[in-house]
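Spelled out from the first residue to the last, the chains are:
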Amino acid sequence: MPHRKHTVEAVPGSQHVRVEIGGQVVAETRSPVLVHETGLPVRYYLPPADVATDRLEATVSSTHCPFKGDAAYWSYRDGTGELREDVVWAYPDPLAEVAAIKDHLCFYDTVADIVVDGVKVAGPGA
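Read on for a plain summary of the structure. Computed from a predicted model, the values in this text were never measured in an experiment.

This paragraph deals with the overall build of the protein chain. Each helix and strand counted, the protein chain has zero helices and eleven strands in total. Starting at the N terminus, the α and β elements of the protein chain follow one another as β-β-β-β-β-β-β-β-β-β-β. Taking 126 residues into account, the globule formula puts the C-alpha radius of gyration at 14 Å, and the protein chain, at 14 Å, falls close to it. Overall, the C-alpha framework of the protein chain stretches about 50 × 35 × 30 Å when taken along its three principal axes. Across the 126 residues that make up the protein chain, the buried fraction comes to 40%. The long-range share in the protein chain, meaning contacts at least 24 apart out of those at least 6 apart in sequence, stands at 43%. Carbon together with sulfur atoms contributes 53% to the accessible area of the protein chain, which is approximately 7000 Å² in total. Across the protein chain, 11 positive and 18 negative side-chain charges occur, with their mean positions spaced 4 Å apart.

The subject of this paragraph is the sheet that holds strand β6 (residues 56-65). Across the sheet, which stays open at both edges, the four strands sit in the order β6-β7-β8-β9 with antiparallel pairing between neighbours. Single-partner strands in this sheet number two, and they are β6 and β9 (106-107). In this structure, β6 lies alongside strand β7 (residues 69-77), joined through seven bridges in antiparallel fashion. In the strand pairing of β7, L56 is matched with Y76.

To continue, consider the sheet that holds strand β1 (residues 8-12). The strand order across the open sheet built from three strands is β1-β4-β5, with neighbouring strands paired in antiparallel fashion. Two strands lie at the open edges of the sheet, namely β1 and β5 (43-45), each paired on one side alone. Between one strand axis and the next, the sheet turns through 25 degrees on average, direction left out of account.

Looking now at the nonpolar core. V19, L46, F107 and I114 are the most contacted members of the largest nonpolar core, which totals 20 residues. Only β2 (17-21), β3 (24-29), β8 (83-90) and β10 (113-116) provide two or more residues apiece to this core. Membership of the second largest hydrophobic core comes to 13 residues, among which are V33, V35, V98 and C106.

According to the stated counting rule, one finds seven salt bridges in the structure shown. For R43, the salt bridge goes to D109, with nearest N and O atoms at 3.2 Å. Within this pair, whereas R43 is found in strand β5, its partner D109 is found in the loop between β9 and β10, the two being separated by 66 residues in sequence. R43 sits in the buried class, given a relative accessible area of 17%. The shortest N-O distance in the salt bridge between E57 and R77 comes to 2.7 Å. Taken together, the residues E57 in strand β6 and R77 in strand β7 connect sequence positions 20 residues apart.

Rules used in this analysis
- Counting starts from 1 at the beginning of each chain's written sequence and moves along it residue by residue.
- For a predicted model such as this one, the threshold for reporting local features is a pLDDT of at least 70, and the threshold for listing and counting side-chain atom pairs is 80 or more; totals across whole chains, interfaces and linings nevertheless cover every residue.
- Just so you know, side-chain values use all the structure's heavy atoms and leave hydrogens and water out.
- Only runs of H or I of at least four residues qualify as helices and only runs of E of at least two qualify as strands under DSSP, and these elements are numbered from the N terminus.
- C-alpha atoms define the radius of gyration, and 2.2 Å times the number of residues to the power 0.38 defines the globule rule.
- Residue exposure (1.4 Å probe, protein chains only): buried if accessible area is under 20% of the type maximum, exposed if over 50%, otherwise partly exposed.
- When checking whether two residues touch, look at their non-hydrogen atoms; a contact exists if any pair is within 4.5 Å.
- In these tables, accessible area is a Shrake-Rupley quantity obtained with a 1.4 Å probe, and a residue counts as shielded only by the protein chains included in the view.
- His is not counted here, nor are the chain ends, while Lys and Arg score as positive and Asp and Glu score as negative.
- To locate a charge, take atom NZ for lysine, CZ for arginine, CG for aspartate or CD for glutamate.
- A pair of strands is labelled paired if DSSP reports no fewer than 2 bridges between them.
- Lines fitted to the C-alpha atoms define the axes, with helices restricted to the stretch that makes contact. Angles between their N-to-C directions range from 0 to 180 degrees.
- Here, nonpolar core means buried Ala, Val, Leu, Ile, Met, Phe, Trp, Tyr and Cys residues that are tied together by side-chain atoms lying within 4.5 Å of each other.
- When a carboxyl oxygen of Asp or Glu lies within 4 Å of a side-chain nitrogen of Lys or Arg, that pair is called a salt bridge.

This is the structure in structure tokens:
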């Protein structure tokens with residue numbers, strides 16, 4: 001069986017993307033960067049200006065992706081004070097092939113509901 005090539009593409013979008021955690025809107029934008037990566041669902045990277053960054057707390061977590069670079073992580077603190085750890089990540093210095101995601105924030109869809117143009121596309125129970 002032939003080996004499938006792994007590809008990653010970061011494409012600026014104009015979709016209306018809303019992110020909710022526990023029913024609270026934590027991000028909303030019309031200028032996401034969509035990342036299409038082999039074997040993964042589309043990921044929506046959002047400009048920090050469109051994210052409630054005052055609810056985010058930097059963590060010491062980091063990961064390395066051979067296709068995107070080194071990621072930094074943030075936890076989310078909701079209005080009740082509950083902390084959800086490492087639910088947001090970004091690439092402060094991504095590889096050249098995906099430079100469009102630099103400093104954009106992406107939410108884990110295991111915690112956050114991702115709504116695109118009014119349709120929930122990912123999230124707990126989706």
